[in-house]
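Structural description and commentary
The lines below spell out each chain.
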Amino acid sequence: VLIYIILKIKSATARYKSSIENKLQDYRQPEFYYKYALQIFPENGNPHNQLAVIATHIDDISEAIYRYFRSLIVTQPFFTARNNLVILFQQNETLLKNYIKYYETQNNFIASPNTKKMLKTMVI
């Protein structure tokens, strides 16, 4: 357990250091530590949540969704991941609505009722 705690601390430190020092935000080192923490203590959801946060920073939304779900279904779930997942879906819904509005106004694109219904089910 002590090694796991040390890895979590090193992971967080590396992630914060990366986001402060690097314009490109190289998250390889914190990813390594979080994945190593998962090898030691796979029942804990916190490393999955942190990997999801990193995924959102690099715009890998599918990886973020996967990691948030994983952080919730392990033996010791990280319950904050649920809120993070809801926020991610809300952001996605906003982007999709803005995308549709843009095309309706700029390109004379008018979505059919079936398309609008499909898009509505996608964002819910």
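Scroll up for the structure.
None of these values were measured; they are calculated from a predicted model.

**A word on the overall build of the protein chain**
Secondary structure assignment for the protein chain yields 6 helices and 0 strands. Reading the protein chain from its N end, one meets helices and strands in the order α-α-α-α-α-α. Considering the protein chain as a whole, with its 124 residues, one finds that 31% of them fall into the buried category. Accessible area for the protein chain stands at about 8,700 Å²; split by element, carbon and sulfur atoms hold 58% of it.

**A closer look at helix α3 (residues 46-57)**
Its 12 residues give α3 an end-to-end C-alpha distance of 17 Å, which sits within 8% of 16 Å, the value for a rise of 1.5 Å per residue. Counting buried positions along α3 gives 10 out of 12 residues, so the element sits mostly inside the fold. Looking at α3, one finds that the buried residues are N46, P47, H48, N49, Q50, L51, A52, V53, I54 and A55. Note on α3: the residue one or two positions beyond its end, D59, has a positive phi of about 60°.

**Regarding the environment of K35**
Structurally, K35 can be placed in helix α2 (residues 28-40). Leave out the neighbours within four places in its chain, and K35 touches L51 and R67.

**Concerning the nonpolar core**
The biggest cluster of nonpolar side chains holds 8 residues, and these are A52, V53, A55, A64, Y68, A81, L85 and L88. Where this core is concerned, the elements lending two or more residues are α3, α4 (61-73) and α5 (80-106). Every residue in contact with A81, bar those within four places of it in the chain, is listed here: N49, Y68, S71 and L72. Of all hydrophobic cores here, the second largest spans 5 residues; its members include Y27, Y34, L38 and I54.

**Examining α4**
Between the first and last C-alpha of α4 there are 19 Å, a value that for 13 residues agrees with the 18 Å anticipated at 1.5 Å per step. Of the positions making up α4, those classed as buried are A64, R67, Y68 and S71. The arc that holds the buried residues of α4, viewed along the axis, is 100°, so those residues lie on one side. Turned more than 90 degrees from where α4 packs its buried face, S62 and I73 sit exposed.

**Some details on the packing of α2 against α3**
Look at α2 against α3: their axes get within 9 Å of each other, and the N-to-C directions meet at 155°. Considering the angle they form, α2 stands roughly antiparallel to α3. You can see that α2 and α3 cross each other, and the crossing is left-handed. Contact with α2, carried on its side by P30, E31, Y34, K35, A37 and L38, involves P47, H48, Q50, L51 and I54 of α3 and no other residues of that element. Looking at the contact of α2 with α3, its residues break down into 7 nonpolar, 2 polar and 2 charged.

Rules behind the numbers
Residues numbered from 1 in each chain as written. Predicted model: local features only at pLDDT ≥ 70, side-chain atom pairs only at ≥ 80, totals over all residues. Heavy atoms only, no water. Helix = DSSP H or I, 4+ residues; strand = E, 2+ residues; numbered from the N terminus. Buried < 20%, exposed > 50% of the residue type's maximum accessible area, 1.4 Å probe, protein only. Areas by Shrake-Rupley, 256 points an atom, 1.4 Å probe, with all protein chains shown as cover. Expected span 1.5 Å × (residues − 1). Contact = heavy atoms within 4.5 Å. Core = buried A, V, L, I, M, F, W, Y, C linked by side-chain atoms within 4.5 Å. Arc of directions from axis to C-beta. Axes fitted to C-alpha atoms, helices over the stretch in contact; angles between N-to-C directions. Parallel < 35°, antiparallel > 145°, perpendicular 65-115°, else oblique. Left-handed = near helix turned anticlockwise from the far one by under 90°. Nonpolar A, V, L, I, M, F, W, Y, C, P; charged D, E, K, R; others polar.

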